[in-house]
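# A look at the structure
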Amino acid sequence: MHPDENVINDYVDGALAPRERADVGRHLDSCPACRQLVADLREVTRAATTLEQHEPPSRAWSRIERAIALEAGRAPGVARASRARWLAVAAALVLATFVGLRFSPFGARRTTPDAPASIAAGNAVNAVNAVNAADALETEMRQAEQHYEKAIKGLEEIANAEQGALDPGTAATLTKNLAVIDQAIGESRAAVRSQPASEPAQQSLIENFKAKIGLLQDTVALINEMRKGNETGLARAVSGLK
Amino acid sequence: MAAPKQRPPVPFPSKEVTVSQGETQIDAFERLYRQHAPRIFSLACRMAGSAEDGEDLLQEIFLQAYRKLGSFKGDAAIGTWLYRLALNHCLDYVRSRRVKMSRLTETLDADTSFEPAAPRETPIARLDLERALERLPDGCREAFVLHDVEGFDHKEVGRLLGVAEGTSKSQVFKARLKLRAILGRRS
């Protein structure tokens, strides 16, 4: 008889008492399937200990810096950029975060009322709630679109004003990637217009807006690193655009 | 009436993170960020199951750290303090997500029975494991990351996730089996 899964797991973790461990060891000697299972599980646990740390994207610090500055009521990097420009970025980021939270998969669920406990009474209530929820979602979607468009416009102004500072290759990559995202936004927007209540269509549009904001944030981060003359940061920022 | 006691100025942020001459507080905090962000970002991505959510968590964690640095007593290394703060933040996130997604998670968890896998002869590549982690059900992944990646014992994992020690063991085992199945098929 094979050892149960808890015993196998404890064996792999070295958590069995010596006698139990010896029992399992004897079983493994005669059972290729369990031997293979133990070998595989050990390989998974070994690999887990070798996982490396991820370097966050270069825009991550810029986002944190701006959020801190916003909380403190001042714009960061005033010596390197105009206050108005940075406040525009911060405002754009706040809008994006606000909309992103509301229209994340979990955020969207939050707007749906809980199902009533009583099924009999629930059908009518559900029908009314469904209509209300659909209306609310459509309204929120329209608001989300406006917020995203405003955020994108602010970031675009900065990116466009500074794009001359980018080398031609990076600028071309940026233009190409923005065109791809713009096309995707156009397609998902058309899908939302034809099916306003479709959650996948809404999510797709939001994801595309987020992709565009991410790319524009990377561009701003790149411009920032160029100003600082930070070679490492510059390399990270350029790789983020590709 | 006695004047209220003036609080002594709080050194920013602590003796371990000092503001050098010509540096701003933000510069000093950025140094702290550069030093610790990779570990915290990795934890956040793995606990959340996606780099996008991990990035959001990273931002929230460092914002919270900035707000709380004044209250850091220095009785632990700043890295330990920051890690604990990050872990708690990630746990709050997964707990809140679990409540919202409980029905779906149960369905997915039920799918993680003893799955046969093609035997693999080659070592598991780190990148493959990272990708496979994203495919685990939330409960399994959280327990696996805390136990097998971060090195907590089952008792501690149970306490952190608010489940019994036995549940932690079972979730880690399910995660290992699921990973074996995912990675075995890829080899």
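Residues numbered from 1 in each chain as written. Chains lettered and ligands numbered in written order. Predicted model: local features only at pLDDT ≥ 70, side-chain atom pairs only at ≥ 80, totals over all residues.

### Focus on the overall build of chain A
On a plain count of helices and strands, chain A comes out with 10 helices and 0 strands. Within chain A, the proportion of its 242 residues that are buried is 31%. Considering only intrachain contacts with a sequence separation of at least 6, the fraction spanning at least 24 residues in chain A is 63%. (Helix = DSSP H or I, 4+ residues; strand = E, 2+ residues; numbered from the N terminus. Buried ≥ 20, exposed ≤ 12 C-beta atoms within 10 Å, placed from the backbone. Contact = placed C-beta atoms within 7 Å.)

### Section: the overall build of chain B
Helix and strand content of chain B: 7 helices and 0 strands. Within chain B, the fraction of its 187 residues that count as buried is 36%. Intrachain contacts of chain B at a sequence separation of at least 6 include 68% that bridge at least 24 residues.

### Quick notes on helix α1 (residues 5-13) of chain A
Three or more residues of α1(A) are buried, namely I8(A), N9(A), D10(A), Y11(A) and V12(A). Two residues or fewer past α1(A), G14(A) is found with a positive phi of approximately 70°.

### Comments concerning the environment of A197(A)
All names here are of chain A. By the element assignment, A197 lies in the loop between α8 (168-194) and α9 (199-228). For A197, a count of 15 C-beta atoms within 10 Å corresponds to the partly exposed category. Spatially, the C-alpha atoms of A197 and M141 are 9.4 Å apart, while their sequence positions differ by 56 residues.

### Some words on the interface of chain A and chain B
Every contact between the two is made by 29 residues of chain A and, on the other side, 33 residues of chain B. Taken together, the elements giving at least two residues each to the side of chain A that touches chain B come down to α1, α3 (32-49), α4 (58-72) and α6 (105-110) of chain A. For the side of chain A that touches chain B, the element with the highest residue contribution is α3(A), accounting for 8 residues. Across the side of chain A that touches chain B, the residue classes break down as 14 nonpolar, 7 polar and 8 charged. (Nonpolar A, V, L, I, M, F, W, Y, C, P; charged D, E, K, R; others polar.)

### Digging into the nonpolar core
Judged by nonpolar contacts, the single largest core of 56 residues is most densely connected at I40(B), A44(B), L58(B), I61(B) and A143(B). Considering every element that reaches this core, the biggest residue donor is helix α1 (residues 25-48) of chain B, with 11 residues. For L58(B), the contacting residues outside a window of four places in its chain are P56(A), A60(A), A37(B), I40(B), F41(B) and A44(B). Among the nonpolar cores identified, the runner-up in size contains 19 residues, and L155(A), V192(A), L215(A) and L216(A) belong to it. (Core = buried A, V, L, I, M, F, W, Y, C linked by C-beta atoms within 7 Å.)

### Re the confidence of the model for chain B
Residue and element names in this part refer to chain B. When pLDDT is averaged across chain B, the result is 80; 73% of the residues are at 70 or more. Here residues 1-13 is modelled with pLDDT under 50, and outside its nearest four sequence neighbours on either side it reaches 7 contacts, counting other chains as well. Low pLDDT (under 50) marks residues 103-117, which in the prediction has 23 contacts with non-local residues, meaning those over four places away or in another chain. The ipTM value of the predicted complex is 0.76, and its pTM value is 0.57. (pLDDT = per-residue confidence, 0-100.)

### Here we look at helix α2 (residues 51-68) of chain B
With 18 residues, α2(B) ought to run about 26 Å at 1.5 Å a step, and its terminal C-alpha atoms sit 25 Å apart, in line with that. Taken as a whole, α2(B) has its buried residues at G54(B), E55(B), D56(B), L57(B), L58(B), Q59(B), I61(B), F62(B), A65(B) and Y66(B). (Expected span 1.5 Å × (residues − 1).)

### Here's the deal with the packing of α4(A) against α2(B)
Where α4(A) contacts α2(B), the axes come no closer than 10 Å and their chain directions differ by 40°. By the angle between their axes, α4(A) is oblique relative to α2(B). Remark: the crossing between α4(A) and α2(B) carries right-handed chirality. Facing α4(A), whose interface residues are A60(A), R63(A), I64(A), A67(A) and I68(A), α2(B) presents E55(B), L58(B), Q59(B), F62(B), L63(B) and Y66(B). Classifying every residue of the contact of α4(A) with α2(B) gives 8 nonpolar, 1 polar and 2 charged. (Axes fitted to C-alpha atoms, helices over the stretch in contact; angles between N-to-C directions. Parallel < 35°, antiparallel > 145°, perpendicular 65-115°, else oblique. Left-handed = near helix turned anticlockwise from the far one by under 90°.)

### Some words on the environment of M141(A)
Residue and element names in this part refer to chain A. In this structure, M141 sits in helix α7 (residues 119-162). Between the alpha carbons of M141 and E199 there is a distance of 9.9 Å; along the sequence they are 58 residues apart. Not counting the four nearest positions on each side in its chain, M141 is found in contact with V192 and Q202.

### Side note on the packing of helix α5 (residues 138-149) of chain B against helix α6 (residues 154-161) of chain B
All names here are of chain B. For the pair α5 and α6, interaxial distance at closest approach is 10 Å and the crossing angle is 135°. In terms of orientation, α5 and α6 fall into the oblique class. Taken as a pair, α5 and α6 cross one another with a handedness that is right-handed. Counting all contacts with α5, which are made through E142, A143, L146 and H147, the residues of α6 involved are H154, V157, L160 and L161. Among the residues making up the contact of α5 with α6, the classes are represented as 5 nonpolar, 2 polar and 1 charged.

### Focus on the environment of A47(A)
With respect to the helices, strands and loops of the structure, A47(A) is situated in helix α3. The class of A47(A) is buried, set by 21 C-beta atoms lying within 10 Å. Each residue touching A47(A), except ones within four places of it in the same chain, is listed here: I124(B), R126(B) and L129(B).

### Digging into the confidence of the model for chain A
Residue and element names in this part refer to chain A. Within chain A, residue pLDDT values average 70, and 63% of them lie at 70 or more. Put simply, α6 is where chain A has its lowest mean pLDDT, 33, and helix α2 (residues 18-30) is where it has its highest, 94. Within the model, pLDDT remains below 50 along residues 75-125, and this stretch shows 67 contacts once partners closer than five positions in the same chain are excluded.

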